[in-house]
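Letter by letter, the chains look like this.
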Amino acid sequence: MPIAHSVVSGMGGMRTAGDLVARMQFTRKMRISEAKTYVADKLKVSTHDLSDTAVMRELREELGFGVVLGIPGDPKGMEAKERISEVLDIPVNCVDRVRRRAQERRS
Amino acid sequence: MSTYKVRSGDGRFIAMTADEIRRDLIEGAADAADRGHIPTLDDNEIDRLVDLFVDQAGVVGVQMGNQVISTQDGGDHRINADAGSCGLALAIGRIQELQLHERAFGQDTIELGHIDYSYKVVKPIVAQEQAYVENALVATTHPLMYGAMTNLGLYFAPDGPYGNPADLLPAGRIKEALAAQEEAAVHAQRDVVFVGTRLADSGLDIMNLDTSGASGDADFMAALKAAEELKSKVPHLAIEMGMASEFVLGMHGSVTYKGERLAGMYPNDQVRMAEAAGVDVFGPVVNTNTRRSMPWNLARAVCFVKACVETSNIPVHANVGMGVGGIPVLDTPSLDAVSRASVAMVEIARVDGL
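The rules behind the values
Residues numbered from 1 in each chain as written. Chains lettered and ligands numbered in written order. Predicted model: local features only at pLDDT ≥ 70, side-chain atom pairs only at ≥ 80, totals over all residues. Heavy atoms only, no water. Helix = DSSP H or I, 4+ residues; strand = E, 2+ residues; numbered from the N terminus. Rg over C-alpha atoms; globule rule 2.2 N^0.38 Å. Buried < 20%, exposed > 50% of the residue type's maximum accessible area, 1.4 Å probe, protein only. Contact = heavy atoms within 4.5 Å. Areas by Shrake-Rupley, 256 points an atom, 1.4 Å probe, with all protein chains shown as cover. Lys, Arg positive; Asp, Glu negative; His and termini not counted. Charge placed at Lys NZ, Arg CZ, Asp CG, Glu CD. Buried area = accessible area lost by both parts, 1.4 Å probe. Salt bridge = Lys/Arg side-chain N within 4 Å of Asp/Glu carboxyl O. Polar contact = N/O pair within 3.5 Å; in protein donor to acceptor, adjacent residues only side chain to side chain. Pairing = 2+ DSSP bridges. Axes fitted to C-alpha atoms, helices over the stretch in contact; angles between N-to-C directions. Parallel < 35°, antiparallel > 145°, perpendicular 65-115°, else oblique. Left-handed = near helix turned anticlockwise from the far one by under 90°. Nonpolar A, V, L, I, M, F, W, Y, C, P; charged D, E, K, R; others polar.

S.K.: Could you clarify how one ought to interpret the overall build of chain B in this entry?
M.R.: Within chain B one finds twelve helices and nine strands. A compact globule built from 354 residues should have a C-alpha radius of gyration of about 20 Å, and chain B, at 20 Å, falls within 12% of that. Projected onto its principal axes, the C-alpha positions of chain B cover 60 × 50 × 35 Å. Within chain B, the proportion of its 354 residues that are buried is 60%. Of the contacts made within chain B by residues no fewer than 6 positions apart, 73% connect residues no fewer than 24 positions apart. Summed over all atoms, the accessible surface of chain B reaches about 12900 Å², with 51% contributed by carbon and sulfur. Mean positive and mean negative side-chain charge positions of chain B (28 and 47 charges, respectively) differ by 3 Å.

Quick look at the structure:
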């Protein structure tokens, strides 16, 4: 079922920018058009590019957002989310938790 | 006259002419409009739906650029759970399942959940679930949800401490039945908030209050109040609220939220309540009637969801799974049916996600 929806109408997750647009819906309650426009502006691409694997594959690697392929050394998981948080200027709870704890240790 | 293969609400193929498809679409939309006191679908929208069903392609899709966000309910268990949860019963770990959803299945978000899928059950093992959430957050990049139900039914005898309304009401013990639901709702709210605050401590992105209202209006009220309390205590935790059905059953009949009676609410009213509680994303449900055709069911579902989307100020992710959102009741849903429902929800109901 999830794969069917993904093929028919989904943005494609890490293959494209689906996870990034989803974060805008959940952190800022943005509707789909507003969320796409926000992410596209931050990444300096068009909203159509956000669902284009040819554009997003390269851009994600360049930005350190993590790509769907298993590239050794490429950011993934927590490291990728730290970059996403910074570029999109949004909170990512687990990243903020790591930052907060590191700050507490230093002070 | 030419006939076309379409699905019935139970998943079997039936043959319908274009005129019969159009008639069922109009009747399905009219049924939703009548029940929900909402506008029916216009001629252009009916024409688009006719085109979807007359097109005999095995799979249809949205126009490029119209793609939306995918969220799920049921968590990671669709792979390791048994058929009772529509799962595959494969020997695989929960974190690996999340990675598959993220890296192989093209999902936009991922969801973790306990196999029992109720917050009451998760409460005594919340530390275990926190450990899974923390491991999952290290291993994945997508927004991570934790999903479970408020599931007020588990609070009634013999499973819980309160009298069972299903026994009390037929016995004429009305006041006791109402009191049991009110007390159970307070208990359920406390359990959901307990689990939510701890998962938020672990860095969770999104809490999914799924199948809200499954035990009626008091169940829905518990979910709304839990969402409101969580937004006050851990505002950084996003909340998605998914519904149990298109209509809030009045098992209690008199409970209110923000001064409005919850019993009898349809999706366009349910979303106003969710929004008032601070919910970030709302998931309407419209049930499938197995005795009617898929065109009838899909037009009806699209009509309800379109009104919900137009009312809402927050993103709407319609439930479009087995037996809801116009899809036939079948645990192996066909791609021809799913893809038509998916397109209709995105391009006619204008949902923000599925």
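S.K.: Just checking my understanding: could you explain the interface of chain B and chain A for this structure?
M.R.: Size of an interface, as often reported, equals the accessible area lost when the parts are brought together. Counting residues at the interface gives 62 residues for chain B, matched by 43 residues for chain A. Three residues, B:Q67, B:R103 and B:T141, lead the burial of chain B against chain A; their summed loss comes to 18% of the area buried on that side. In this structure, A:R97 and B:E134 form a salt bridge, with 3.6 Å as the shortest nitrogen-oxygen distance. Connecting chain B to chain A are 34 residue pairs in polar contact (both at pLDDT 80 or more).

S.K.: Just checking my understanding: could you explain the side chain of A:R31 for this structure?
M.R.: Checked against the element boundaries, A:R31 lands in the loop between α2 (18–28) and α3 (32–43). Here the side chain of A:R31 touches B:V309 through a polar contact of 3.2 Å, landing on its backbone oxygen. Among the polar contacts listed, one links the side chain of A:R31 to the side chain of B:D352, at a separation of 2.9 Å. Residues contacting A:R31, with those up to four places away along its chain left out, are A:Q25, B:V309, B:S312, B:N313, B:I314, B:P315, B:V316 and B:D352.

S.K.: Even after reading the chapter, I still don't get the sheet that holds strand β6 (residues 238–243) of chain B, so can you show me in this structure?
M.R.: Within a sheet, neighbouring strands are paired by backbone hydrogen bonds and run either parallel or antiparallel to one another. Residue and element names in this part refer to chain B. Strand order in the open sheet made by the five strands is β3-β4-β5-β6-β9, with parallel pairing throughout. Across the chains shown, the open sheet's two edge strands, defined by having one partner strand only, are β3 (110–112) and β9 (281–283). The average undirected angle you get between the axes of adjacent strands in this sheet is 25°. Examined bridge by bridge, strand β5 (residues 206–212) and β6 share five bridges and lie parallel to one another. Considered in β6, the bridge of N208 is made with E240.

S.K.: Looking at this structure, I do not really get the environment of B:M149. What am I missing?
M.R.: Residues and elements named next belong to chain B. With respect to the helices and strands, M149 occurs in strand β4 (residues 144–149). Owing to a relative accessible area of 16%, M149 belongs among the buried residues under this scheme. Put simply, M149 and P333 are 184 residues apart on the chain and 23 Å apart in space, counted from C-alpha to C-alpha. In this structure, M149 is in contact with Y117, S118, Y119, D210, T211 and A214, ignoring residues within four places of it in sequence.

S.K.: I'm lost on the pattern of salt bridges in this one. Help?
M.R.: Any two side chains of opposite charge can pair, on the condition that their charged atoms come close. Applying the stated rule across the entire model yields 28 salt bridges over all chains. Salt bridges here are not isolated pairs; linked through shared partners, they connect B:D31, B:R35, B:E246 and B:R300.

S.K.: So what exactly am I meant to see when it comes to the packing of helix α11 (residues 294–311) of chain B against helix α12 (residues 335–347) of chain B here?
M.R.: In a pair of packed helices, the angle between the axes and the distance between the axes together describe the arrangement. Residue and element names in this part refer to chain B. Packing of α11 against α12 leaves a shortest axis separation of 10 Å and a crossing angle of 30°. Classified by the angle between their axes, α11 and α12 sit roughly parallel to one another. Relative to α12, the crossing made by α11 is right-handed. Taken together, the residues of α12 that come into contact with α11 (itself represented by M294, L298, A301, V302 and V305) are A337, R340, A341, A344 and M345. Of the residues assigned to the contact of α11 with α12, the class counts are nine nonpolar, no polar and one charged.

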